[in-house]
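Each chain, letter by letter, is given below.
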Amino acid sequence: MNDSSTIINLPRPSALVPRVATLDGFVDDRGDARGIYLRDVEPMTTLSIRTRNSHYQVIVSRDTSVIVQGGQFFADATPARIDGSGFGGSLLKVAWIGVGLRMEIFANGQRIITSPVRDISIQRHASTTVN
């Protein structure tokens, strides 16, 4: 049997997707970004987080478990989990709150994605503020 098919090797474009939209690009781009890794935060630490549209007070319970108050969804202090932050799509830097990124908060059976974070202040045991 004689196969007369031809394989055509087309030149491959150098980038179909912008690097920042890939996992490697996201890690490289945000590797030195300002932010806070929640797993490094002592329990009972209060975070004051200002986004483009809202202000949140977050008390870290343990790991990514928090009590959050602020914005349009958390008028009262609410138990929640901050899964991390990203650009608002499916790419997420887990347990990280990054300046310029959107927090993903899970509470009351719903996922809330905030507007981009502008500033994070840390208050350890209500005595010291660090910017």
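Residues numbered from 1 in each chain as written. Predicted model: local features only at pLDDT ≥ 70, side-chain atom pairs only at ≥ 80, totals over all residues. Heavy atoms only, no water.

(A) Representation of the side chain of D83 in the model. Structurally, the position occupied by D83 is in strand β5 (residues 74-86). Owing to a relative accessible area of 14%, D83 belongs among the buried residues under this scheme. At a separation of 2.4 Å, a polar atom in the side chain of D83 contacts the side chain of R81. A distance of 2.5 Å separates polar atoms of two side chains, one belonging to D83 and the other to R111. When sequence neighbours within four positions are dropped, the list of residues in contact with D83 reads L92, K93, V94, A95, E104, F106 and R111. (Helix = DSSP H or I, 4+ residues; strand = E, 2+ residues; numbered from the N terminus. Buried < 20%, exposed > 50% of the residue type's maximum accessible area, 1.4 Å probe, protein only. Polar contact = N/O pair within 3.5 Å; in protein donor to acceptor, adjacent residues only side chain to side chain. Contact = heavy atoms within 4.5 Å.)

(B) Up close: the packing of aromatic side chains. Evaluation of the coordinates by the stated rule reveals zero aromatic pairs. Between the NZ or CZ atom of K93 and the centre of the ring of W96, over which it lies, the distance is 4.4 Å. (Phe/Tyr/Trp six-rings, centres within 6.5 Å; stacked < 30°, edge-to-face > 60°. Lys NZ or Arg CZ within 6 Å of the ring centre and 35° of its normal.)

(C) How the structure looks around the pattern of salt bridges. The full count for this structure, using the stated rule, is four salt bridges. Residues D83 and R81 are paired through a salt bridge, measuring 2.4 Å at the closest nitrogen-oxygen approach. Exposure remark for R81: the relative accessible area of 33% places this residue in the partly exposed category. Between R111 and D83 there is a salt bridge whose closest N-O contact spans 2.5 Å. With R111 in strand β9 (residues 110-124) and D83 in strand β5, this pair connects stretches of sequence that are 28 residues apart. Here the residues in one salt-bridge network are R81, D83, E104 and R111, joined through shared partners. (Salt bridge = Lys/Arg side-chain N within 4 Å of Asp/Glu carboxyl O.)

(D) Expanded view of the nonpolar core. Within the largest apolar cluster, 22 residues are counted, with the highest numbers of intra-cluster contacts made by L47, I49, V58, I82, I97 and M103. When residues of this core are traced back to their parent elements, those giving at least two are β2 (46-51), β3 (55-62), β4 (65-70), β5, β8 (102-107) and β9. Ignoring anything within four residues of it in the chain, the contact list for M103 reads I49, T51, Y56, I82, G84, S85, I97, I112, I113, T114 and V117. (Core = buried A, V, L, I, M, F, W, Y, C linked by side-chain atoms within 4.5 Å.)

(E) Main features of the confidence of the model for the protein. Residues of the protein with pLDDT of at least 70 account for 69%, and the chain-wide mean is 83. Mean pLDDT values over the elements of the protein span from 47, in strand β10 (residues 128-130), up to 98, in β4. Scored below 50 in pLDDT, residues 126-131 makes twelve contacts in the model with residues more than four places away or belonging to other chains. (pLDDT = per-residue confidence, 0-100.)

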